[in-house]
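# Notes for the structure review
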Amino acid sequence: CGVFMRGKGVPISDVNAEVARLQAQLRMPSWNREGFKIGLCSTPGMDGPASLMALTNSSVINAAFRPLHERFTKLYRRKANLHHYTQYCEESEFEEAAGGLKGLIEEY
């Protein structure tokens, strides 16, 4: 998550307290438990005395990876269209890629 705050009088202690509160509520991946970046700018924005922008990366991508992995597994078990690809790469690379995708699903 990225948090960028603009405006005068925004103490870093308040920002850190809110980030700590959010971290307790979110399920962060094991490889990035402290995944927050904070930016403070004392110059207010054009449309008001203070503003906040937050960027997040959602773990909802899991919902897209799961059906993809299931479709790949069904096709790979039947060796469907595999002959088109084995002339360019080894069959073991497909197993490795499927394992990597499964690992991503488990992480998220």
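See the structure shown above.
## Things to note about the environment of Asp47
When you line up the elements, Asp47 lands in the loop between strand S2 (37-41) and strand S3 (50-55). On the accessibility criterion, Asp47 (75% relative accessible area) is exposed.

## What to know about the pattern of salt bridges
Summed over all chains, the structure comprises two salt bridges. Residue Arg21 is joined to Glu18 by a salt bridge in which the shortest nitrogen-to-oxygen separation is 2.9 Å. Linking Arg21 with Glu18, this pair stays in helix H1 (residues 12-25), spanning three residues, or about one helical turn.

## Digging into the environment of Glu106
Relative to the helices and strands, Glu106 resides in helix H3 (residues 91-107). Each C-alpha atom, one on Glu106 and one on Asn62, is 8.4 Å from the other, the two residues being 44 residues apart in sequence.

## Here's the deal with the pairing of strand S1 (residues 2-7)
Alternating positions in S1 separate cleanly, Val3, Met5 and Gly7 being buried on one face and Gly2, Phe4 and Arg6 remaining unburied on the opposite face. Pairing geometry for S1 and S2, over five bridges, is parallel. Residue Met5 lies in a different strand from S2, and its bridge partner there is Leu40. Remark: the S1/H1/S2 crossover connection has right-handed handedness.

## What about the packing of aromatic side chains?
Considering all chains together, one arrives at three aromatic pairs under this definition. For the pair Phe72 and Tyr76, a centre-to-centre distance of 5.5 Å together with 10 degrees between the ring planes defines the contact as stacked. Of the two residues, Phe72 and Tyr76 both sit in helix H2 (residues 62-78), four residues apart, roughly one turn of that helix. What makes Tyr76 buried here is its relative accessible area of 15%. On the numbers, 6.2 Å between centres and 70 degrees between planes, the contact of Tyr85 with Phe94 is edge-to-face.

## Digging into the environment of His69
Note on placement: His69 falls in helix H2. Exposure remark for His69: the relative accessible area of 17% places this residue in the buried category. Sequence-wise, His69 and Ala97 are 28 residues apart; in three dimensions their C-alpha atoms are separated by 10.0 Å. Discounting chain neighbours no more than four positions away, the residues touching His69 are Ala98, Leu101, Lys102 and Ile105.

Cut-offs applied
- Residues numbered from 1 in each chain as written.
- Predicted model: local features only at pLDDT ≥ 70, side-chain atom pairs only at ≥ 80, totals over all residues.
- Heavy atoms only, no water.
- Helix = DSSP H or I, 4+ residues; strand = E, 2+ residues; numbered from the N terminus.
- Buried < 20%, exposed > 50% of the residue type's maximum accessible area, 1.4 Å probe, protein only.
- Salt bridge = Lys/Arg side-chain N within 4 Å of Asp/Glu carboxyl O.
- Pairing = 2+ DSSP bridges.
- Right-handed = clockwise from strand over helix to strand, strands pointing away.
- Phe/Tyr/Trp six-rings, centres within 6.5 Å; stacked < 30°, edge-to-face > 60°.
- Contact = heavy atoms within 4.5 Å.

The analysis is restricted to geometry; functional conclusions fall outside its scope.
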